[in-house]
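# A closer look at the structure
Listed below are the residues making up each chain.
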Amino acid sequence: MSSRVNLGPLYLAGFTTAFGAHGVAAAIGTETNELGLSFLGLGLILAIYDIAEVILKPLFGALSDRIGVKPVIVGGLAVFAGACLLGVFASTPILLALARLGQGAAAAAFSPASSSAVARLAGAGAAGRYFGRYGSWKGLGYAAGPLLGAGLIMWAGLPALFIVLTVLSVVAAGWAAWGIPQITVLPKVRATLAELVRQSTARSFLGPVILLATTTAVLGVAVGFLPYLGTQAGLEPLASMAAVTVLALISAVIQPGMGRRHDTAPHRSRTLMTSAGVLLTAGLAAVAVAPGLVTIYLAAILIGVGVGVITPLGFAVLAAATPPDRMGRTMGSAELGREVGDAGGPILVGAIAAAGSLPLALATMGLVALLATGAGSILLRSPKANAP
């Protein structure tokens, strides 16, 4: 890729969709009484976004290989804008659920296609750098979403948040349509079922995906349970929520540098990701042993570093081992693995906490993260892991 290629449209789109995902989720939680939602209704509206992503991401990833990444990206952003516009007028739980469903379906189209676009446009020598920048902008969206959403709701209510998201989405879609260059659709070789199974179980695919899924599992647990631990320890709600913002900001700051490190020393990526996985475990262990102000923020820092290291390196390693003609399908499947981790981590911790205690649940999650890190590292250690 030429250094003059501008990925700014992808950065803005990544920020917008991340802002929408976390900003709206946090806003719905604060507006539960005003909307007349039960706890079950709140849970369903929050979950419908992720359900849409789990089902649709592999399909849209494969579609981007067939028709090109740019139409899928622009179309996804246009649908995201439409879903946000519906949210402006969502005065009932059903309309709000439809808006979240539309947002999730749009994100399912955008995410794998954009990852494929970053890999194709950056090329093998600069993939880490651009995945780092892209991940950093998404991280900023996740960090700023709840804070910006809260400010907009205090100013003019929930419709104000959806109006801002609609405008941002329209701008991102227009800039993507104008600014993203056309990426050639490569001829595809028809794959047999046996070949698809072989590709999906290859070490070059499983190693990075296991590490990425571990990261999102721990991240999901941190986002859900660090604020809870803070309130249980007597912290003010703002101080408890700030731990999640610290985590996201640290991740966003670290990712570009880690991406550049992959481009200059790709042979060190496995060691860096393994070390980052240990940090994820250490963060969970800290709050499991002694939950309190110091350990909550220590866990946020350690997990933020771990997420910031593994995310760009995992995608860069995956891109380096994937033929360009099936980049979209591979990225869609990798995103599916991340979504499974994102949902599975909190479910595992919640189930164990209900049966035993939260410290036991967090310690168990830390052990699972350590074992998964070891498995991913072993898969990447094989010389076959670097073969396409």
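Remember, predicted model here, so these are calculated numbers, not experimental data. (Residues numbered from 1 in each chain as written. Predicted model: local features only at pLDDT ≥ 70, side-chain atom pairs only at ≥ 80, totals over all residues. Heavy atoms only, no water.)

## Details of the overall build of the protein
Quick note on the threshold: Helix and strand assignments follow DSSP, with helices taken as H or I runs no shorter than four residues and strands as E runs no shorter than two, numbered in order from the N terminus. Exposure categories follow from relative accessible area, calculated using a 1.4 Å probe and restricted to protein chains: below 20% of the type maximum is buried, above 50% is exposed, and the middle band is partly exposed. The protein chains shown are the only cover counted for residues, whose accessible areas, like all others here, come from Shrake-Rupley with a 1.4 Å probe.
Within the protein, the secondary structure is distributed over 14 helices and zero strands. Order of helices (α) and strands (β) in the protein, N terminus to C terminus: α-α-α-α-α-α-α-α-α-α-α-α-α-α. Taking all 388 residues of the protein together, 52% fall into the buried category. Carbon and sulfur atoms form 71% of the exposed surface of the protein, whose accessible area is close to 16200 Å².

## What about the nonpolar core?
Quick reminder of the rule: In this text, buried Ala, Val, Leu, Ile, Met, Phe, Trp, Tyr and Cys residues form a nonpolar core when linked through side-chain atoms within 4.5 Å. Contact definition: two residues touch when any of their heavy atoms are within 4.5 Å.
Counting 70 residues, the largest nonpolar core has Ile73 and Leu362 as its most contacted members. In this structure, leucine 362 is in contact with Val221, Leu229, Leu284, Val287, Ala288 and Val349, ignoring residues within four places of it in sequence. By size, the runner-up hydrophobic cluster in this structure holds 23 residues, among which are Val24, Ala27, Phe80 and Ile153.

## Details of the packing of aromatic side chains
Each pair of aromatic rings is reported with the distance of its centres and the angle of its planes. What counts is decided by this rule: For this analysis, a ring pair means two rings from Phe, Tyr or Trp (six-membered ring only for Trp) whose centres lie within 6.5 Å, classed as stacked if their planes differ by under 30 degrees, edge-to-face if by over 60, and tilted for the remaining angles.
The tally for this structure, following the rule as stated, stands at three aromatic pairs. Taken together, a centroid distance of 6.0 Å and an interplanar angle of 45° make the contact between phenylalanine 15 and phenylalanine 19 tilted. With phenylalanine 15 and phenylalanine 19 both in helix H1 (residues 8-30), this residue pair falls four residues apart, about one helical turn. Considered together, phenylalanine 15 and phenylalanine 19 belong to a single accessibility category, that of buried residues. Ring centres of phenylalanine 15 and tryptophan 137 lie 6.4 Å apart, and the angle between their planes is 85°; on these two criteria the pair is classed as edge-to-face.

## Thoughts on the confidence of the model for the protein
Rule in force here: A score between 0 and 100, pLDDT records how confident the predictor is in each residue.
Summary statistics for the protein give a mean pLDDT of 85 and a share of 90% for residues scoring 70 or more. Low confidence marks residues 384-388, where pLDDT is under 50. Its contacts with residues over four positions away, or in another chain, come to eight contacts.

## A word on the side chain of lysine 138
You can see lysine 138 is positioned in helix H6 (residues 127-156). With residues up to four places along the chain from it excluded, the contact list for lysine 138 reads Gly14, Ala18 and Ser111.

## A short note on the environment of glycine 139
Here glycine 139 lies in helix H6. Sequence-wise, glycine 139 and glutamine 255 are 116 residues apart; in three dimensions their C-alpha atoms are separated by 9.1 Å. Aside from chain neighbours lying at most four places away, what touches glycine 139 is Ala248 and Ala252.

## Points about the side chain of serine 64
Relative to the helices and strands, serine 64 resides in helix H3 (residues 39-67). By relative accessible area, serine 64 is classed as buried at 3%. What serine 64 contacts, discounting residues up to four positions off in sequence, is Val69, Val72, Ala113 and Gly328.

## Notes on the packing of helix H13 (residues 327-355) against helix H14 (residues 358-381)
We count it as follows: Between the N-to-C directions of two axes lies an angle of 0 to 180 degrees, each axis being a line fitted to C-alpha atoms and, for a helix, fitted only over the stretch in contact. These descriptions rest on fixed angle ranges, namely under 35 degrees for roughly parallel, over 145 for roughly antiparallel, 65 to 115 for roughly perpendicular, and the rest for oblique. For a crossing to be left-handed, the near helix must be turned anticlockwise from the far one by less than a right angle; the clockwise case is right-handed. Polar here means any residue other than Ala, Val, Leu, Ile, Met, Phe, Trp, Tyr, Cys and Pro, which are nonpolar, and Asp, Glu, Lys and Arg, which are charged; Gly is therefore polar.
Two elements in contact, H13 and H14, have axes whose closest approach is 7 Å; the angle formed by their N-to-C orientations is 140°. In this view, H13 runs oblique relative to H14, as classed from their interaxial angle. Crossing geometry of H13 relative to H14 is assigned as right-handed. Contacts from Gly345, Leu348, Val349, Ile352 and Ala353 in H13 reach Leu358, Leu360, Ala361, Leu362, Thr364, Met365 and Val368 in H14. Looking at the contact of H13 with H14 residue by residue, the classes come out as 10 nonpolar, two polar and no charged.

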